[in-house]
Amino acid sequence: MNFKISVIILTIFILALFVFNASTTLSGDKLLTCEVRNVPCNLPNETILKMSSLSNAHAEMASQANYNYYLCCGGSFSIGSDCGDNSTTSVINLSGVTNAHVEKKDLGNYSEEICLSSPGSFIFDCDYDTDCGNLGLNYECLASISEDTNAHIGDCLAYSTKICCEVIPKNKSPKADFSCSVPGCYAYAGTSNPILTLKNNSTDPDGQDDIAKSEWEILNGGPSSVIFQGVNALNSYPVPSPQLSDGNYNVKLTVTDDAGETDSKTKSITIRYDIDADFLCSLSGEEGDWYDCDDFKGVQEEYTYFKDISTPSEEASSISSWAWEINDVLFAGNVSTSSVKISGKSNTVKLTVTDNDTRIGYASHTFGAKLPLPTWQEIGS
Amino acid sequence: MEIFKTFKSPKDFLIVIILIVFAGIVFWQMGDRFYHLLPQEVLIITKEPVYGSNDTLSLAIKNILPGKICFSSCYPYYLEIKNAEKWKTYEYYENCPHPDLIESCIDPGYARFFSIDLPSISPGLHRIRVPVTVDENTGEEFREDKFYHSNEFIIR
């Protein structure tokens, strides 16, 4: 019987311990702990200031040796009381280096500043309230003051206005990076085939969710240099190659995190000139009788001749194949010059060319047709 | 000289001369007017009032002029279409492969009949314009003295 009771008590104890630990974890461990003690602070705790007693006290800088009450703060990180660099946070101001009254920071009457500093990856946030818990679970009470200015100082039990600080992880800058969807990072001018997408590979040590936005800009893109920002914070960038002429462009990605810190990366992309398909029209096919097909008229029931004047793409040296269609009907293939007898009053001729870099181009012209010479046959008199 | 004795004075003779001249003028004017009232026309009539594009059109041409009419070997006729209340001549191939000579003629009072293979043309109201040279001979260079229109017909 005694054994069973012991087991039950032990089980309850273990459960209670588990619940306590869980609640502690849920409420959040305070990374900063402070206390006022009448003996020097133990390392790694740091003396933030000294006071003459636990209540109704004057204060002095930590470097002075007149008072015996030490405000000691520490945590699982390196802490200091220096002021002046970016990683310090002002706590309170003193009227002098010793035998001083205190006032809230930023009031501007006192010049001696008490700070919390951390060279590590943490920063402090300090404020005043009647209960540090009102400011947040992780705020720690350092001391209390009797007034906003010209005040005495004491430990946290002395006055209703508490000096509260919390330590928060210092924001880390995002790291901008991107890669190209096409090996060699190129696209063709005037077309979205293939689409060159710059994939956003940016990272943030504080987590990818910390990246607030990504902005893309073509630095030397002329009218296309507008900043592009997609709907997603980590958006990739479809290069607007249809609006770009051939050449090299520098694309800059700027990522910004929730704290407003930014990082940029610039890479060069190449916009190649694409295959350019076109052809001329003629009624004779003879040298010197070729015309722009948009300014051309054929003749019904007569042959019209077509001559390819396409230019291959940047990486190609020649046109390797041709296909000629009139009104969607193929009439010639694999010849650079073709002809067809037209019958309609409106004719659409389409040329499809492929170069030896397998780029495909199209050209289409619609032209009218004059009537043939009028003829008649006499059928009687 | 006896005739002069019928006039009592030279004044009477002058009056008669004036009357004769006046009557001559009146008769000349009347004759000219009646001459122009006579039908002086070239009748050009299609067999049907409606054709389809690429159909064969039959055409009769009757010369009611006092002189003969002759046709071009390059452009014996032009098709015209009515667009927005205006007649517009179709654009024809301008390169005639041979000199534009008179190919055939119709004497006054005669008619000839032709068939025309219509090209691909737009639907709508059409007519045929026939340019002619008047009173020339076959083989001579064609020049357009006048032109005549056919009746209007529809291309459906």
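Throughout this description, residue numbers start from 1 for each chain and increase along the sequence as written. Ligands are numbered from 1 and chains lettered from A, in the order in which they are written. Totals for whole chains, interfaces and linings use all residues, but because this is a predicted model, local features are given only for residues with pLDDT of at least 70 and pairs of side-chain atoms are given and counted only at 80 or more.

Considerations on the overall build of chain A
Here is step 1: Each helix is a run of DSSP H or I of at least 4 residues and each strand a run of E of at least 2, with the numbering of both proceeding from the N terminus. Secondary structure assignment for chain A yields two helices and 28 strands.
Here is step 2: Burial status across chain A gives 31% buried among its 381 residues.
Here is step 3: Whether two residues are in contact depends on their C-beta atoms, placed from the backbone: they are in contact if these lie within 7 Å. Taking as baseline every contact in chain A between residues at least 6 positions apart, the subset at least 24 positions apart corresponds to 64%. The exposure label follows from counting other C-beta atoms within 10 Å of a residue's C-beta, where the C-beta atoms are placed from the backbone and the thresholds are 20 or more for buried and 12 or fewer for exposed, leaving partly exposed in between.

Structural notes on the overall build of chain B
Here is step 1: From N to C terminus, chain B includes two helices and eleven strands.
Here is step 2: In chain B, the order of α-helices and β-strands from amino to carboxyl end is α-α-β-β-β-β-β-β-β-β-β-β-β.
Here is step 3: Burial status across chain B gives 17% buried among its 156 residues.
Here is step 4: Considering only residue pairs separated by 6 or more positions, chain B has 74% of its internal contacts joining residues 24 or more positions apart.

Focus: the nonpolar core
Here is step 1: A set of buried Ala, Val, Leu, Ile, Met, Phe, Trp, Tyr and Cys residues, joined through C-beta atoms within 7 Å, is what we mean by a nonpolar core. Grouped together as the largest cluster of nonpolar side chains are 38 residues, with contacts concentrated most on Leu71, Cys73, Val91, Leu116, Leu142 and Cys165 of chain A.
Here is step 2: Elements supplying a minimum of two residues to this core: β1 (32-37), β2 (46-51), β4 (69-75), β5 (88-94), β7 (112-117), β8 (122-129), β9 (140-145) and β11 (161-169) of chain A.
Here is step 3: Here this core gets five residues from one element, more than from any other, and that element is β4 of chain A.
Here is step 4: Residue contacts for Leu142 of chain A: discarding those within four places in its chain leaves Cys34, Ile48, Leu71, Cys73, Val91, Ile163 and Cys165 of chain A.
Here is step 5: Counting 24 residues, the second largest nonpolar core, distinct from the first, contains Ile342 and Trp376 of chain A together with Ile128 and Phe142 of chain B.

Some words on the sheet that holds strand β15 (residues 211-218) of chain A
Residue and element names in this part refer to chain A.
Here is step 1: Any two strands are treated as partners once DSSP identifies two or more bridges connecting them. Taken together, the four strands give an open sheet; going across it, the order is β13-β18-β17-β15, and neighbouring strands pair in mixed fashion. Only two strands of the sheet have a single neighbouring strand rather than two, namely β13 (186-188) and β15. Sheet twist, expressed as the average angle between the axes of neighbouring strands with direction ignored, equals 30°.
Here is step 2: Relative to strand β17 (residues 247-257), β15 runs antiparallel, the two sharing seven bridges. Axis definition: a line fit to C-alpha positions, over the contact stretch in the case of helices; interaxial angles, taken between N-to-C directions, run 0 to 180 degrees.

Overview of the interface of chain B and chain A
Here is step 1: Listed per partner, the contact involves 21 residues of chain B and 17 residues of chain A.
Here is step 2: Within the residue set of the side of chain B that touches chain A, elements represented by two or more residues are β5 (78-83) and β8 (111-117) of chain B.
Here is step 3: Per element, the largest residue contribution to the side of chain B that touches chain A is six residues, and it comes from β8 of chain B.
Here is step 4: Gly is put with the polar residues, along with every residue not named as nonpolar or charged; the nonpolar set is Ala, Val, Leu, Ile, Met, Phe, Trp, Tyr, Cys and Pro, and the charged set is Asp, Glu, Lys and Arg. By residue class, the composition of the side of chain B that touches chain A is 16 nonpolar, three polar and two charged.

Quick word on the sheet that holds β9 of chain A
All names here are of chain A.
Here is step 1: Spatially, four strands are ordered β8-β11-β9-β10 in an open sheet, and the strand pairing comes out antiparallel. Edge positions in the open sheet fall to β8 and β10 (153-154), since each of these has one partner strand only.
Here is step 2: Where β9 meets β10, two bridges bridge the pair, whose relative direction is antiparallel. If you follow Ile145 over to β10, its bridge partner there is Ile153.

Considering the environment of His149 of chain B
Residue and element names in this part refer to chain B.
Here is step 1: For His149, the location among the structural elements is in strand β10 (residues 146-149).
Here is step 2: Accessibility expressed as a C-beta count within 10 Å gives 14 for His149, which makes it partly exposed.
Here is step 3: It is 8.9 Å that separates the C-alpha atoms of His149 and Ile45, two residues lying 104 residues apart in sequence.
Here is step 4: Non-local contacts of His149, meaning those with residues more than four positions away in its chain, are made with Ile44, Arg127 and Arg129.

Regarding the confidence of the model for chain B
Here is step 1: Of the residues in chain B, 91% reach a pLDDT of 70 or more, and the chain-wide mean stands at 90.
Here is step 2: Complex prediction metrics read pTM 0.61 and ipTM 0.77. Per residue, pLDDT measures the predictor's confidence, with a range of 0 to 100.

Examining unusual backbone geometry
All names here are of chain A.
Here is step 1: For the bond from Leu43 to Pro44, the omega torsion is 5°, close enough to zero to count as cis.
Here is step 2: Position of Pro44 among the secondary structure elements: in the loop between β1 and β2.
Here is step 3: A cis amide bond links Asn193 to the next residue, Pro194, at an omega of -5°.
Here is step 4: Unlike most non-glycine residues, Asn327 shows phi in positive territory, near 50°.
Here is step 5: Its location among the elements puts Asn327 in the loop between β23 (319-326) and β24 (329-333).
Here is step 6: The exposure class of Asn327 is partly exposed, given the 15 C-beta atoms found within 10 Å.
Here is step 7: One non-glycine residue, Asn334, lies in the positive phi region at around 55°.
Here is step 8: Here Asn334 lies in the loop between β24 and β25 (337-341).

Comments concerning the environment of Pro194 of chain A
Residues and elements named next belong to chain A.
Here is step 1: Topologically, Pro194 is positioned in the loop between β13 and β14 (197-200).
Here is step 2: Separated by twelve residues in sequence, Pro194 and Val182 place their C-alpha atoms 8.4 Å apart.
Here is step 3: Residues in contact with Pro194, not counting those within four places in the same chain, are Val182 and Ala187.

Some thoughts on the environment of Gly52 of chain B
Residues and elements named next belong to chain B.
Here is step 1: Residue position: Gly52 is located in the loop between β2 (50-51) and β3 (56-63).
Here is step 2: A sequence separation of 102 residues divides Gly52 from Ile154, and the C-alpha atoms of the two residues are 8.1 Å apart.
Here is step 3: In contact with Gly52, other than residues within four places in its own chain, are Ile155 and Arg156.

Some words on the confidence of the model for chain A
Here is step 1: Of the residues in chain A, 91% have a pLDDT of 70 or more, and the chain-wide mean is 89.
Here is step 2: Scored below 50 in pLDDT, residues 17-28 of chain A shows three contacts in the model against residues more than four places distant or in partner chains.

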